[in-house]
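Remarks on the overall topology
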Amino acid sequence: MTTQDVDLMDPKVFLNGIPYEHFRMLRGHEGLPLGHDTDGSPFWYVMRHRDVVTVSRDPKTFSSSPSTMTSVRRDDSGYPIITFLDAPRHTRLRKLVFKAFAPARMAALREPIGEIVDDLIAAAVAKREFDLAEDIALRLPFEVLARLLGVPDDERRMVIDWATQTVNLGDPEYAQAEANAPDVFRLLLEYFEGLAKRRMKDPTDDLFSILANARLSEANAKLGPGQLTLEEIKTFATTLITAGSETTYCSVTGAVLALLESPDQLGLLLTDRSLLSGATDEILRWVTPVTHFARNVMADTEISGHPVKAGDRVVMWYTSANRDEEVFTDPDEFDVTRSPNPHLSFGGGGPHVCIGNALAVMELRVFVEKVLDLLPRMRLTAEPVRPETNFMNSFKHMPVRLI
């Protein structure tokens with residue numbers, strides 16, 4: 001096999017699992033490997049840990065605008081999507097929404113997250129045979145995000161049903177959902193606009209009230225308008241409840257599979273619960289929920305001595321960086337005691353590091369704590385099924401039985 005034998009832009013390549021051997025070959029490639037999008041447009045592939053960090057921390061040279069998606073070369077939506085913005089617009093928006101993800105607020109969510117996990121596990125256990133992907137992994141982040149956003153109880157099921165339809169788009173099994181996606185996104189935007197207006201008039205202790213009342217300090221006034229617009233609020237909320245679900249959805253299924261396939265590591269956790277914090281990081285490294293993001297080159301430069309020119313595009317493969325032999329000892333071993341663990345599952349640093357990473361870590365940590373004692377009784381009843389995507393490392397079905 002050569003570096004030209006696998007087309008990483010073909011989602012079907014990932015149906016049988018991540019092609020780790022191919023990524024290993026590409027990391028050893030002199031310079032940067034060249035890849036092509038489905039329309040023939042070229043990309044430089046950034047595979048090494050150090051190079052992903054370099055690109056991530058230089059947003060002036062490697063821009064997120066107009067899009068960080070390999071399949072979207074320009075953003076025609078007209079909405080201020082935070083991941084597609086550069087400074088100063090990105091800086092302003094991030095400063096305004098950051099208060100909603102402050103450490104104290106995240107800590108206050110631990111108990112509600114535990115209650116949600118308990119309910120989902122109890123419902124699944126009552127059936128004894130269930131689809132861990134659909135019954136738990138998919139529902140958990142939407143339940144948490146709906147609560148964080150302050151969606152009223154009597155409206156929560158409707159909003160979660162809409163948001164769920166935005167997952168696994170592109171996979172043939174979800175063709176109908178993909179056809180309905182524009183309407184679903186419109187419904188979410190309209191709903192969150194209405195909720196924002198309600199919270200502006202009658203604020204409560206939820207994310208919408210924080211967003212509606214967020215103000216920039218005088219020191220940051222030069223960044224632009226001192227508060228969020230209605231357009232920015234509804235767009236951020238819609239982006240959060242759709243794209244914000246991906247890390248947890250992927251990492252929950254990945255955690256269960258990794259621990260079922262590594263009984264020695266499961267045994268370590270069952271014996272010593274103090275290892276859970278490090279285990280959470282190792283799960284995130286091992287799974288790498290979001291496999292890649294693109295950047296747009298704004299000026300001639302070099303990456304590890306390889307020249308790239310203004311107008312080029314680069315694709316950072318976090319999946320590859322998290323298995324880099326230069327950084328991780330035995331990178332293809334799942335090791336819950338691994339330390340240090342500088343994984344890049346939330347990005348390689350810089351201004352675009354995932355704003356919701358603390359929430360994603362807490363959801364995963366709480367889930368593993370709650371499910372740990374069940375795992376010795378859990379058996380796969382069929383091979384887990386992956387969706388047809390090269391963007392997420394996930395499973396759309398994971399049938400299990402409790403013995």
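In the block above lies the structure referred to throughout.
Read on for an overview of the structure. Every value quoted in this text rests on a predicted model; they were computed, and no experiment measured them. (Residues numbered from 1 in each chain as written. Predicted model: local features only at pLDDT ≥ 70, side-chain atom pairs only at ≥ 80, totals over all residues. Heavy atoms only, no water.)

Concerning the pattern of salt bridges
When charged atoms on two side chains of opposite charge get close, those side chains can pair. Note the threshold: Between Lys or Arg on one side and Asp or Glu on the other, a salt bridge is scored when a side-chain nitrogen of the former is within 4 Å of a carboxyl oxygen of the latter. Each helix corresponds to a stretch of at least 4 residues labelled H or I by DSSP, and each strand to a stretch of at least 2 residues labelled E; elements are numbered beginning at the N terminus. For each residue, the accessible area found with a 1.4 Å probe, counting protein chains only, is set against the maximum for its type, and the residue is called buried under 20%, exposed over 50%, and partly exposed in between.
On inspection of all chains with the given rule, the structure shows 31 salt bridges. One salt bridge connects Glu 388 with Lys 12, and the closest N-O pair in it is separated by 3.2 Å. A residue pair is termed long-range when its members are at least 10 positions apart, and Glu 388 in the loop between strand 9 (378–380) and strand 10 (399–402) and Lys 12 in the segment before helix 1 (20–27) qualify at 376 residues. For Arg 157, the salt bridge identified is with Glu 143, shortest N-O distance 2.7 Å. With a gap of 14 residues between them, Arg 157 in helix 8 (residues 153–164) and Glu 143 in helix 7 (residues 139–149) connect regions that are remote in the sequence. Judged by relative accessible area, Arg 157 falls into the partly exposed class, the value being 39%. Residues joined in a network through salt bridges with shared partners are Arg 24, Arg 27, Arg 323, Glu 325 and Asp 332.

Regarding the environment of Asn 357
Cut-off, in case you're wondering: For this analysis, a polar contact is any N or O atom pair within 3.5 Å, provided that within protein one partner can donate a hydrogen and the other can accept it, and provided that sequence-adjacent residues contribute only side-chain to side-chain pairs.
Mapping Asn 357 onto the fold places it in helix 16 (residues 357–371). Accessibility expressed as a relative area gives 24% for Asn 357, which makes it partly exposed. Of the polar contacts made by the side chain of Asn 357, one reaches the backbone oxygen of Cys 354; its length is 2.6 Å.

Considering the side chain of Ser 63
The line we're drawing: In what follows, residue pairs with any heavy atoms lying within 4.5 Å of each other are defined as contacts.
Topologically, Ser 63 is positioned in strand 3 (residues 62–63). For Ser 63, the side chain forms a polar contact with the side chain of Asp 86, separated by 2.3 Å. Setting aside anything within four residues of it in sequence, one finds Ser 63 in contact with Asp 86, Arg 295, Asn 296 and Met 298.

Points about unusual backbone geometry
Going from Ser 65 to Pro 66, the amide bond is cis rather than trans, its omega being 10°. Take Pro 66: it is sitting in the loop between strand 3 and helix 3 (89–97). Residue Pro 88 is reached from Ala 87 by a cis peptide bond, and omega for that bond is 5°. With respect to the helices and strands, the residue Pro 88 is situated in the loop between strand 3 and helix 3. If you check the backbone angles, Arg 128 has positive phi at about 70° while not being a glycine.

Quick word on the packing of helix 5 (residues 110–127) against helix 7
What counts here: Axis definition: a line fit to C-alpha positions, over the contact stretch in the case of helices; interaxial angles, taken between N-to-C directions, run 0 to 180 degrees. Left-handed describes a crossing whose near helix is turned anticlockwise from the far helix through less than a right angle; right-handed describes the clockwise counterpart. Residues are grouped as follows: Ala, Val, Leu, Ile, Met, Phe, Trp, Tyr, Cys and Pro are nonpolar; Asp, Glu, Lys and Arg are charged; every other residue, Gly included, is polar.
Contact pair helix 5 / helix 7: the axes reach a minimum separation of 10 Å and the direction vectors enclose 145°. Two packed elements cross with a definite hand, and for helix 5 against helix 7 that hand is right-handed. Taking contact as the criterion, the partners of Pro 112, Ile 113, Glu 115, Ile 116, Val 117 and Leu 120 in helix 5 are, on helix 7, Arg 139, Leu 140, Glu 143, Val 144 and Arg 147. Residue composition of the contact of helix 5 with helix 7, grouped by class: seven nonpolar, no polar and four charged.

Topic: the sheet that holds strand 10
What holds strands together in a sheet is hydrogen bonding between their backbones, with the strands either parallel or antiparallel. Selection criterion: By definition, two strands form a pair when at least two bridges between them are found by DSSP.
An order of 4-10-9 is seen for the three strands of this open sheet, with the pairing classed as antiparallel. The open sheet is flanked by strand 4 (129–131) and strand 9, the only strands paired with a single partner. This sheet shows a mean twist of 30° between the axes of neighbouring strands, independent of strand direction. Examined bridge by bridge, strand 4 and strand 10 share three bridges and lie antiparallel to one another. Looking at strand 10, one finds that Asp 131 is bridged to Pro 399.

Observations regarding the packing of aromatic side chains
Note the threshold: Each aromatic pair joins two rings of Phe, Tyr and Trp (for Trp, the six-membered one) with centres within 6.5 Å, and gets the label stacked for planes under 30 degrees apart, edge-to-face for over 60, and tilted for any other angle.
Taken as a whole and assessed by the stated rule, the structure comprises 10 aromatic pairs. Ring centres of Trp 286 and Phe 334 lie 5.6 Å apart, and the angle between their planes is 55°; on these two criteria the pair is classed as tilted. With Trp 286 in helix 14 (residues 276–287) and Phe 334 in the loop between helix 15 (318–321) and helix 16, the pair connects residues that are 48 residues apart, well separated along the chain. A relative accessible area of 22% means that Trp 286 is categorised as partly exposed. For Phe 334, a relative accessible area of 7% gives the class buried. Seen from their ring centres, Phe 293 and Tyr 318 are 6.4 Å apart, and the 75° between their planes marks the pair as edge-to-face. Of this pair, Phe 293 sits in strand 5 (residues 292–297) while Tyr 318 sits in helix 15, placing them 25 residues apart in sequence. Among the residues examined, Phe 293 registers a relative accessible area of 22% and is labelled partly exposed. Among the aromatic residues, ring-to-ring pairing joins Phe 14, Phe 23, Tyr 45 and Trp 317 into one connected group.

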